[in-house]
Amino acid sequence: MTTTSYPDSPWDLPLAKFCHKLPKIELHAHLTGSISRQTLHEIWKQKKERDPAFEMVDPLLEIPVGKVDYDLETFFPLFTRYIYNLCNDLLSVHYSTHQVLTSFESSGTCYLELRTTPRAFPATGMTAEEYVSAVLDAIDEYSRRPETKMVTRLILSVDRRDTLEKAMATVQLAVKLRERGVVGVDLCGDPMKGDISLLHPAFTLAKSSRLGITLHFAEIPYPPTPTELQTLLSFQPDRLGHVIHVSEAIKDEIARRGLALELCLSCNIQAKMMAEVGGFGDHHFGEWYKGRETRKCGLVICTDDVGVFCSDLANEYYLVAMHFGLTKKELWELSRNAVKAIFAGEEVKRRLEEQLMEFARLE
Ligand SMILES: CNc1ncnc2c1ncn2[C@@H]1O[C@H](COP(=O)(O)O)[C@@H](O)[C@H]1O
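An unreviewed UniProt entry annotates the protein as Putative adenosine deaminase of Ascodesmis nigricans. The UniProt entry for the protein carries the following comment under Sequence similarities (unreviewed entry): "Belongs to the metallo-dependent hydrolases superfamily. Adenosine and AMP deaminases family." UniProt, in its Cofactor (unreviewed entry) section for the protein, records the words "Zn(2+)".

Asks: Which parts of the structure should I look at to understand the pattern of salt bridges?
Replies: When the charged atoms of two side chains with opposite charge come close together, those side chains can pair. Applying the stated rule across the entire model yields 30 salt bridges. A salt bridge links R180 to D140; its shortest N-O distance comes to 3.6 Å. On the criterion of sequence distance, the pair formed by R180 in the loop between helix 7 (164–176) and strand 4 (182–188) and D140 in helix 6 (residues 128–144) is long-range, its members being 40 residues apart. Assessed through its relative accessible area of 28%, D140 is described here as partly exposed. Linking E333 and K329 is a salt bridge whose minimum nitrogen-to-oxygen distance equals 3.5 Å. In this pair, E333 and K329 are both assigned in helix 15 (residues 328–338), 4 residues apart and thus about one turn of the helix distant.

Asks: Got a minute to help me understand the packing of helix 15 against helix 16 (residues 346–361) in this structure?
Replies: How two helices sit against one another is set out by the angle between their axes and by the gap between those axes. Two elements in contact, helix 15 and helix 16, have axes whose closest approach is 9 Å; the angle formed by their N-to-C orientations is 165°. Of the possible angle classes, the one that applies to helix 15 and helix 16 is roughly antiparallel. Crossing of helix 15 over helix 16 shows left-handed handedness. Taken together, the residues of helix 16 that come into contact with helix 15 (itself represented by W332, S335 and R336) are E353, L356, M357, F359 and A360. Grouping the amino acids of the contact of helix 15 with helix 16 by side-chain chemistry returns 5 nonpolar, 1 polar and 2 charged.

Asks: Where do I start with the environment of F18 in this structure?
Replies: Its location among the elements puts F18 in helix 1 (residues 15–21). In this structure, the C-alpha to C-alpha distance between F18 and L31, residues 13 residues apart in sequence, is 26 Å. Setting aside anything within four residues of it in sequence, one finds F18 in contact with P10, W11, L13, K328, L331 and F359.

Asks: Mind showing me how you'd approach the sheet that holds strand 1 (residues 24–30) here?
Replies: Two strands in a sheet stick together by hydrogen bonds in their backbones, pointing the same way (parallel) or opposite ways (antiparallel). With parallel pairing, 8 strands are arranged side by side in an open sheet as 1-2-3-4-5-6-7-8. Two strands bound the open sheet, and with one partner strand each, they are strand 1 and strand 8 (298–301). Pairs of neighbouring strands in the sheet enclose a mean axial angle of 25°, with direction left out of account. With 6 bridges joining them, strand 2 (residues 109–116) and strand 3 (residues 151–159) adopt parallel strand pairing. Bridged to L112 within strand 3 is T152. Across the sheet, helix 6 lies against strand 2, strand 3 and strand 4, angled at about 165° from strand 3, the strand it touches most. Contacts from helix 16 reach strand 1, strand 2 and strand 3, with the element oriented near 140° to strand 2.

Asks: I tried to follow the packing of aromatic side chains on my own but got confused; where do I start?
Replies: For any two aromatic rings, the description comes down to two numbers: the centre-to-centre distance and the angle of the planes. Across all of its chains, the model carries 11 aromatic pairs by this definition. Measuring from centroid to centroid gives 5.2 Å for W11 and F18, while their planes differ by 40°, and the two rings are tilted. Residue F18 is classed as buried on the basis of its relative accessible area of 0%. Each residue in the set F75, F76, F79, Y84 and F309 is aromatic and connected to the rest through ring pairs, giving one cluster.

Asks: Please clarify how unusual backbone geometry should be interpreted in this entry.
Replies: If a residue is not glycine, its phi is most likely negative; likewise, a peptide bond is most likely trans. For R210, which is not glycine, the phi torsion reads 60° and is therefore positive. Take R210: it is sitting in the loop between helix 8 (200–208) and strand 5 (212–217). Given a relative accessible area of 68%, R210 falls into the exposed group. For D304, which is not glycine, the phi torsion reads 70° and is therefore positive. Mapped onto the elements of the fold, D304 is located in the loop between strand 8 and helix 13 (306–309).

Asks: Looking at this model, I keep getting lost on the state of the cysteines. Mind explaining?
Replies: Here, disulfide denotes a covalent bond that connects the sulfur atoms of two cysteines. For the structure shown, the criterion picks out 0 disulfides. Considering cysteine sulfurs only, C310 is the nearest to C87, which forms no disulfide, with 16 Å between them. Take C87: its relative accessible area is 5%, and that puts it in the buried class.

Asks: Please explain the environment of G298 as it appears in this structure.
Replies: Along the chain, G298 falls in strand 8. Contact partners of G298, with chain neighbours within four places excluded, come to L259, A260 and L261.

Asks: Explain the packing of helix 7 against helix 8 here, please?
Replies: Between helix 7 and helix 8, the shortest axis-to-axis distance is 8 Å and the interhelical angle comes to 15°. Taken together, the axis directions place helix 7 and helix 8 in an arrangement best described as roughly parallel. For the pair helix 7 and helix 8, the sense of crossing is right-handed. Facing L164, A167, M168, V171 and Q172 of helix 7, the residues of helix 8 in contact are P201, A202, L205 and A206. Here the residues of the contact of helix 7 with helix 8 are counted per class, giving 8 nonpolar, 1 polar and no charged.

Calculation notes
Numbers given to residues run from 1 along each chain, matching the order in which its sequence is written. Per-residue local features of the predicted model are confined to residues with pLDDT of at least 70, and side-chain atom pairs are confined, for both listing and counting, to 80 or more; whole-chain, interface and lining totals are unaffected and use all residues. Computation of side-chain values covers all heavy atoms of the structure but excludes hydrogens and water. UniProt positions are given in the numbering used here, feature names are shortened, and annotations may be inferred rather than shown by experiment. When a carboxyl oxygen of Asp or Glu is within 4 Å of a side-chain nitrogen of Lys or Arg, the pair counts as a salt bridge. Starting at the N terminus, helices and strands are each numbered in turn, a helix being any DSSP run of H or I of at least four residues and a strand any DSSP run of E of at least two. We call a residue buried when its accessible area falls under 20% of the maximum for its residue type, exposed when it is over 50%, and partly exposed in between, using a 1.4 Å probe and counting protein chains only. Axes, fitted as lines to C-alpha atoms, cover a helix only where it is in contact. Angles between the N-to-C directions of the axes lie from 0 to 180 degrees. When an angle is under 35 degrees it counts as roughly parallel; over 145 it counts as roughly antiparallel; between 65 and 115 it counts as roughly perpendicular; any other value is oblique. Working rule for handedness: look at the near helix, and if it is turned counterclockwise from the far one by less than a right angle, call the crossing left-handed; if clockwise, right-handed. Note on contacts: a residue pair qualifies if any of its non-hydrogen atoms lie within 4.5 Å across the two residues. Each residue gets one label: Ala, Val, Leu, Ile, Met, Phe, Trp, Tyr, Cys and Pro are nonpolar, Asp, Glu, Lys and Arg are charged, and the others, such as Gly, are polar. One bridge is not enough; two strands pair if DSSP finds at least two bridges between them. Only Phe, Tyr and Trp rings take part, Trp by its six-membered ring, and two of them pair if their centres are within 6.5 Å. Stacked means planes under 30 degrees apart, edge-to-face means over 60, and tilted covers everything else. We call a pair of cysteine sulfur atoms a disulfide whenever their separation is within 2.5 Å.

Printed below as a string of structure tokens:
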């Protein structure tokens, strides 16, 4: 059935179509984790054609279609042992970024803050700055196409295992590339590794440079240092990702600061990150949404790693409606509220707000 068989008003569309059509804001998407298996396969095929001796296993065998049950033990090595070795040159970085942007836009994303960890590839001689530059070139090229409507900005990620020197270099790179669309910094990586307190000066620099700060927060019940959450809050973040294993006192503190939360349902459920492995209805989105008048935080629905967990942003909104009973109007409000949490400036916010108001008037 084609969309033309439905009435023009989005409010009359079946829920799944409505979720697709709704202009949505994506604020937590890791570039490499958002590359689809098909795109990885195409990159692999091109490499194999150029060099028959190329030895890597086909991505469709390494990451079989339909497999989404990666947990924290199996998830991180997928990048370090496999995808980073495949996407390690200008061509593959440019192509994969283009494909990721295309799929976000086709799931109805109107504003995307993509994030990636600057890294050098000794095997091909590409430096960390060249890597980020290649990503920005691909974003530029995509954004300039007349048919592109989605606005894209970039966040640079510090990995929890980075040295302070590397973390400082990432923040300095973010400052240097601000004019090209870098809006903030993130702290990510395997939550079971690293002493993040060593990275404090890097986030102090990010704050004083007026970059947005978002941090992966409370992904596991017992982080490597017991005071990790207090330390992370001392980095003065604007937004927090995941926010799973938090005490009532920390929840109150998050609300007191009015931080925005980037919540990634499919990732948390598939990777079994919740204390009690339950269904979607047990996700903490429900608690924050129900208590939104008491604990006033921006709640932003995000995908995290759509290439691995295979649920796009439209489907994440659909899951929210199905499992927490949100109406179409409430889904629209969720997206509209997410605009307040973006790191881009007032002009972009104003345009997104207009776009959402325009969508609402179509009734
Ligand atoms: C459970 N969710 C998560 N928690 C923590 N870190 C995550 C993550 N999902 C992805 N990453 C981080 O993002 C990198 C891949 O994208 P980029 O190479 O940066 O584009 C991963 O290697 C990991 O460090």
